[in-house]
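Listed here are the chains, written in short residue letters.
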Amino acid sequence: MVEISAAAQGYLQDLLAKQDDPDVGIRVFVTQPGTPHAETCIAYCRPGEAQPDDIPVQFEGFTAYIEKRSQSYLEGAMVDYQEDRMGGQLTIKAPNARVPNVGPDSPIEDRINYVLHNEINPGLASHGGMVTLVEVIDGNTAVLEFGGGCQGCSAVDITLKQGVERSLLEQVAGLVAIRDSTDHSVRDHAYYR
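Here the residue numbers are simple positions, counted from 1 along each chain's written sequence. Two thresholds apply to this predicted model, a pLDDT of at least 70 for residue-level local features and 80 or more for giving and counting side-chain atom pairs, whereas whole-chain, interface and lining totals are computed over all residues. Only hydrogens and water are removed before side-chain values are computed, so all heavy atoms of the structure are retained for them.

J.: Explanation requested: the environment of Pro-56 in the structure shown.
T.: Numbering goes from the N terminus for both helices and strands, where a helix is a DSSP run of H or I of at least four residues and a strand is a run of E of at least two. Structurally, Pro-56 is set in strand 4 (residues 55-59). Put simply, Pro-56 and Glu-67 are 11 residues apart on the chain and 9.0 Å apart in space, counted from C-alpha to C-alpha. By the convention used here, residues are in contact when the closest approach between their heavy atoms is within 4.5 Å. Those residues within four positions of Pro-56 in sequence are excluded, and the remaining contacts are Thr-63, Ala-64 and Tyr-65.

J.: Any chance you could explain the side chain of Asp-80 here in plain terms?
T.: Relative to the elements of secondary structure, Asp-80 occurs in strand 6 (residues 77-82). Three labels apply to residues, based on accessible area from a 1.4 Å probe with only protein chains included: buried if under 20% of the type maximum, exposed if over 50%, partly exposed otherwise in between. The charge count includes Lys and Arg as positive and Asp and Glu as negative, but it does not include His or the ends of the chains. In the sections that follow, a salt bridge refers to a side-chain nitrogen of Lys or Arg positioned within 4 Å of a carboxyl oxygen of Asp or Glu. Here Asp-80 is buried and forms no salt bridge, its nearest opposite-charge partner Lys-93 lying at an N-O distance of 6.8 Å. N or O atoms closer than or at 3.5 Å make up a polar contact, with two conditions inside protein: a donor-capable atom paired with an acceptor-capable one, and, for residues adjacent in sequence, both atoms drawn from side chains. Reaching out from Asp-80, the side chain makes a polar contact with the side chain of Gln-82 at a distance of 2.8 Å. Non-local contacts of Asp-80, meaning those with residues more than four positions away in its chain, are made with Ser-5, Ala-7, Ala-8, Gln-89, Leu-90 and Thr-91.

J.: What am I meant to see in the environment of Glu-3 here?
T.: Relative to the elements of secondary structure, Glu-3 occurs in strand 1 (residues 2-4). If we skip the residues at most four places from it in the chain, Glu-3 touches Ala-77, Met-78 and Val-79.

J.: Hey, could you run me through helix 1 (residues 6-17) in this one?
T.: Each full turn of the α-helix corresponds to 3.6 residues, which orients residues three or four apart in the same direction. Given a helix with a known number of residues, its expected span is that number minus one, times 1.5 Å. Over its 12 residues, helix 1 runs 16 Å from end to end, which matches the ideal 16 Å to within 8%, given 1.5 Å per residue. Looking only at helix 1, the buried set comprises Ala-8, Gln-9, Leu-12 and Leu-16. The arc that holds the buried residues of helix 1, viewed along the axis, is 100°, so those residues lie on one side. Seen from the buried face of helix 1, the exposed residues on the opposite side, beyond 90 degrees, are Ala-6, Asp-14 and Ala-17. In this description, the arc belongs to the directions extending from the helix axis to the C-beta atoms.

J.: Whenever I open this one, the packing of aromatic side chains confuses me. Can you help?
T.: When the centres of two rings from Phe, Tyr and Trp lie within 6.5 Å, Trp using its six-membered ring, the rings pair. Their planes under 30 degrees apart give stacked, over 60 give edge-to-face, and anything left gives tilted. Throughout the structure, instances matching the rule amount to 2 aromatic pairs. Ring centres 4.3 Å apart and planes at 10° place the aromatic pair Tyr-11 and Tyr-81 in the stacked group. Of the two residues, Tyr-11 sits in helix 1 while Tyr-81 sits in strand 6, which places them 70 residues apart along the sequence. Note on Phe-59 and Phe-62: the rings are 5.3 Å apart at their centroids and 20° apart in plane angle, and the pair reads as stacked. With respect to class, Phe-59 is no different from Phe-62; both count as buried.

Shown next as structure tokens:
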């Protein structure tokens with residue numbers, strides 16, 4: 001899963017030792033996994049902050065909690081620490097973080113992001129636009145946000161209803177509704193005004 005070098009473990013031990021609670025660990029996860037915008041993250045994980053399905057991995061002096069949803073995207077990931085003249089830098093290399101890994105059993109967020117980034121956004125890019133998933137509420141409603149040329153565009157309702165919504169509802173099993181959370185009063189870069 002995630003390999004943490006000896007140098008990185010030492011750095012993390014020192015960092016965690018400075019926290020006010022000796023049971024603080026780290027949490028490793030990928031935001032927007034399987035998309036071009038994926039980011040691999042390490043954050044403090046205070047007692048009670050780990051999710052019920054996180055995978056705890058014990059290292060000398062601390063516990064790393066691996067987000068279950070991110071597990072397949074963290075295969076082959078390496079956390080390292082290199083000292084330099086400025087002190088040092090913690091680096092995370094996760095070669096699979098941006099690789100689409102979507103199947104019928106994937107979380108609904110991953111399936112929505114796959115359709116957005118591989119089918120919908122390439123079309124919107126011709127107008128300088130894009131759409132991103134903000135969150136999924138009630139397990140079946142996608143909250144989206146338009147950006148670029150789509151924000152404030154007078155044709156956004158047509159794009160949403162006839163393009164984005166139709167594609168997502170047809171292709172993502174279990175998705176029943178789409179909501180737009182975009183502030184369309186900002187029209188600075190709108191494709192159609």
